[in-house]
Amino acid sequence: SQTIHQWPATLVQPVGSPLSLECTVEGTSNPNLYWYRQAAGRGLQLLFYSVGIGQISSEVPQNLSASRPQDRQFILSSKKLLLSDSGFYLCAWSVGTNQPQHFGDGTRLSIL
Amino acid sequence: RKEVEQDPGPFNVPEGATVAFNCTYSNSASQSFFWYRQDCRKEPKLLMSVYSSGNEDGRFTAQLNRASQYISLLIRDSKLSDSATYLCVVTSGNTPLVFGKGTRLSVIA
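Let me sum up the structure you'll find in this document. (Residues numbered from 1 in each chain as written. Chains lettered and ligands numbered in written order. Predicted model: local features only at pLDDT ≥ 70, side-chain atom pairs only at ≥ 80, totals over all residues. Heavy atoms only, no water.)

1. Details of the state of the cysteines
Residue and element names in this part refer to chain A. Taken as a whole, this structure holds two disulfides over all chains when the rule is applied. Shown here is the disulfide that connects C23 with C91, its sulfur atoms set 2.0 Å apart. For the disulfide bridge between C23 and C91, the dihedral angle about the S-S bond is near -75°, and by the sign convention the bridge is left-handed. Of this pair, C23 sits in strand β3 (residues 19–26) while C91 sits in strand β9 (residues 87–94), placing them 68 residues apart in sequence. Each member of the pair, C23 as well as C91, carries the same accessibility label: buried. (Disulfide = S-S within 2.5 Å. Helix = DSSP H or I, 4+ residues; strand = E, 2+ residues; numbered from the N terminus. Buried < 20%, exposed > 50% of the residue type's maximum accessible area, 1.4 Å probe, protein only.)

2. Structural notes on the packing of aromatic side chains
Counted under the stated rule, the structure contains eleven aromatic pairs over all chains. Each member of the aromatic cluster is reached from another via a ring pair, and the members are Y34, Y36, Y49 and F103 of chain A together with Y36 and F99 of chain B. It is R108 of chain A that lies over the ring of F88 of chain A; its NZ or CZ is 4.0 Å from the centre. (Phe/Tyr/Trp six-rings, centres within 6.5 Å; stacked < 30°, edge-to-face > 60°. Lys NZ or Arg CZ within 6 Å of the ring centre and 35° of its normal.)

3. Some remarks on the interface of chain A and chain B
Across the contact, 19 residues belong to chain A and 21 residues belong to chain B. Interface area, chain A with chain B, both sides summed: about 1500 Å², of which 57% is carbon and sulfur. Considering only the surface of chain A that becomes buried against chain B, T97, N98 and R108 of chain A emerge as the three largest contributors, covering 33% of it. Counting across the interface, chain A meets chain B through zero salt bridges. Scanning the region where chain A abuts chain B turns up six residue pairs in polar contact (both at pLDDT 80 or more). (Contact = heavy atoms within 4.5 Å. Buried area = accessible area lost by both parts, 1.4 Å probe. Salt bridge = Lys/Arg side-chain N within 4 Å of Asp/Glu carboxyl O. Polar contact = N/O pair within 3.5 Å; in protein donor to acceptor, adjacent residues only side chain to side chain.)

4. Description of the sheet that holds strand β1 (residues 3–7) of chain A
Residue and element names in this part refer to chain A. Spatially, β1-β3-β8-β7 is the arrangement adopted by the four strands of the open sheet, whose pairing is antiparallel. Strands at the two margins of the open sheet, each flanked by one partner only, are β1 and β7 (64–70). Averaged over neighbouring strand pairs, the angle between their axes works out to 15° when direction is ignored. In the sheet, β1 pairs with β3 via five bridges, with the strands oriented antiparallel. For Q6, the partnering residue across the bridge sits in β3 and is C23. (Pairing = 2+ DSSP bridges. Axes fitted to C-alpha atoms, helices over the stretch in contact; angles between N-to-C directions.)

Remember that the coordinates give geometry; whether it matters functionally is a separate question.
What follows is the structure in structure tokens.
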């Protein structure tokens, strides 16, 4: 069966520090991969999605970037975090664009 | 008009009650529809897909009305464990899923 791993579960970072969140999927090949952010009490905001290695679509311009160095690995990065980057970051995968997405446990990021 | 709209609630209902949520979508070309459930401080989880003919999974029934562009979720015999936020999700063509902001349900003893 397919599983998705996302780490760390919680992270506290100072303003201006770099960020790297990693997500891996097991049990499937060539999945669509997604990064979302959810601010407290708000809806899901799609940040990036990828339909294949090296293919990244950005939905919201900001100081974050994403990379997909391997088929089942999706990385979210920032060179300098802002206070507004705080939130709940979720990675998800799906078989195809119109198919249900399955989420990792999420990373709760606090910027101080 | 927002792509997917939901009443944010909260819906406060007693145990055993029947509760229904609606969700409207703006893109008439939308093809796939889902309901997700999100518990507080947790990831969203797929509750059920919504099929054109309507579908049922235990106490949960989902309906699609293409003419009026809305989907619904009916929960019968509500349990305390049904308390959560329910997200309406719509997709069309080659665009990723669009998530509604959710409807919060509290089932009260």
